[in-house]
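Letter by letter, the chains look like this.
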Amino acid sequence: MNSTAIIDNKIGIELPEGVSLTLVPAGIAVRTAAFFIDFIFRALIFLAAALVLSQIGQAGEGILLVTLFILNWCYYIFFEYRSGASPGKRRMNLKVVADNGLPAGFTAILLRNLLRPVDMFPIGYALGLLSMILSQNFKRLGDWAGGTMVVYKQQIQLLPKASGQPLTQAPQPLNTAEQAVILDFWLRHGSLSVQRQKELAELVINALDIETDDPVAYLCALGAYYAGEKV
């Protein structure tokens with residue numbers, strides 16, 4: 001597997017089968033929001049259980065302790081292994097994947113969640129936050145141990161409408177990662193400001209060592225070509 005960084009915090013992953021994936025690692029703010037959603041969800045479950053079990057005396061207290069244990073240790077493992085995302089992550093459009101972009105296995109999910117107490121040391125996820133700040137892909141210690149990362153779910157994206165400009169090919173063969181950069185620019189350029197389009201286009205053109213008077217139009221023509229658009 002080959003991984004290469006591309007524009008705007010996205011990473012391109014090339015699998016041995018020749019399949020390319022584009023992932024966007026989730027940052028600290030959105031993951032914090034997902035955590036608080038999960039915290040509220042677990043708290044509501046615990047309070048509901050406490051109200052019901054308080055009616056059955058000491059046996060209820062024992063069951064409540066078991067419920068607390070399950071909420072603390074099994075909640076994330078169950079949801080992340082079942083669907084790749086806890087309710088909080090799902091609400092924030094996030095999911096847990098393996099470092100190669102594929103679904104994370106049970107061992108990876110187990111490791112990343114068993115190390116939560118370490119990430120929480122000494123208080124308030126301080127160690128985990130420090131690890132995320134120092135990591136390019138915002139990985140906490142549990143992610144490093146499990147070989148996982150939290151990314152945004154990929155959305156179905158409509159192809160841009162044909163621009164009318166003639167399709168073209170690059171003057172030299174481009175590898176899969178370079179083609180992914182061009183396709184990514186072509187797919188997203190319509191949502192960017194004109195200045196941002198020019199800025200990114202010039203970076204890509206310079207990196208590919210291509211000469212052109214209009215980097216934006218040239219990259220869009222290349223992107224349409226690689227996407228299979230017809231003349």
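Below is a summary of the structure that appears in this document.

**Regarding helix 3 (residues 75-83)**
It helps to recall that an α-helix has 3.6 residues per turn; residues three or four apart then point in one direction.
Part 1 of the argument: Buried residues of helix 3: Tyr75, Tyr76, Ile77, Phe79 and Glu80, and no others.
Part 2 of the argument: As for helix 3, its buried residues are in contact with helix 1 (28-53), helix 2 (57-73), helix 4 (87-91), strand 4 (94-98), helix 5 (106-114) and helix 6 (116-119).
Part 3 of the argument: Positive backbone phi, approximately 85°, marks glycine 84, located one or two places after helix 3.

**Regarding the environment of valine 97**
Part 1 of the argument: Following the sequence through the fold, valine 97 ends up in strand 4.
Part 2 of the argument: In this structure, the C-alpha to C-alpha distance between valine 97 and valine 151, residues 54 residues apart in sequence, is 7.3 Å.
Part 3 of the argument: Sequence-distant contacts of valine 97, defined by excluding residues within four places in its chain, comprise Leu23, Leu102, Ala104, Gly147, Thr148, Met149 and Val151.

**Things to note about the nonpolar core**
Part 1 of the argument: Counting 19 residues, the largest nonpolar core has Ile182, Phe185, Val204, Leu208, Ile210, Leu219 and Leu222 as the members making the most contacts within it.
Part 2 of the argument: Contributing elements (two or more residues each) for this core: helix 9 (176-188), helix 10 (194-208) and helix 11 (215-226).
Part 3 of the argument: Broken down by element, this core gets its largest block of residues, 6 residues, from helix 11.
Part 4 of the argument: What isoleucine 182 contacts, discounting residues up to four positions off in sequence, is Leu174, Val204, Leu208, Leu219, Leu222, Gly223 and Tyr226.
Part 5 of the argument: Membership of the second largest hydrophobic core comes to 10 residues, among which are Ala26, Ile77, Leu94 and Ala108.

**Description of the packing of helix 10 against helix 11**
Part 1 of the argument: Across the interface, helix 10 lies against helix 11 with an axial gap of 8 Å and an inter-helix angle of 70°. The angle between the axes of helix 10 and helix 11 places the two elements in the roughly perpendicular class. Regarding helix 10 and helix 11, the two cross each other, and that crossing is left-handed. Mapping the contact onto sequence places Gln197, Lys198, Ala201, Glu202, Val204 and Ile205 in helix 10 and Pro215, Val216, Tyr218 and Leu219 in helix 11.
Part 2 of the argument: Of the residues contributing to the contact of helix 10 with helix 11, the split by class is 7 nonpolar, 1 polar and 2 charged.

**Examining the pattern of salt bridges**
Part 1 of the argument: Under the counting rule described, the total for this entry stands at 8 salt bridges.
Part 2 of the argument: Here arginine 116 makes a salt bridge to glutamate 80, at a shortest N to O gap of 4.0 Å. Of the two residues, arginine 116 sits in helix 6 while glutamate 80 sits in helix 3, which places them 36 residues apart along the sequence.

**Details of the pairing of strand 5 (residues 148-152)**
Part 1 of the argument: Here strand 5 lies mainly inside the structure; 4 of its 5 residues are buried.
Part 2 of the argument: Sheet topology places strand 4 next to strand 5; 5 bridges connect them, and they run antiparallel. By the bridge assignment, valine 96 is partnered in strand 5 with valine 150.

Rules used throughout
- Residues numbered from 1 in each chain as written.
- Predicted model: local features only at pLDDT ≥ 70, side-chain atom pairs only at ≥ 80, totals over all residues.
- Heavy atoms only, no water.
- Buried < 20%, exposed > 50% of the residue type's maximum accessible area, 1.4 Å probe, protein only.
- Helix = DSSP H or I, 4+ residues; strand = E, 2+ residues; numbered from the N terminus.
- Contact = heavy atoms within 4.5 Å.
- Core = buried A, V, L, I, M, F, W, Y, C linked by side-chain atoms within 4.5 Å.
- Axes fitted to C-alpha atoms, helices over the stretch in contact; angles between N-to-C directions.
- Parallel < 35°, antiparallel > 145°, perpendicular 65-115°, else oblique.
- Left-handed = near helix turned anticlockwise from the far one by under 90°.
- Nonpolar A, V, L, I, M, F, W, Y, C, P; charged D, E, K, R; others polar.
- Salt bridge = Lys/Arg side-chain N within 4 Å of Asp/Glu carboxyl O.
- Pairing = 2+ DSSP bridges.

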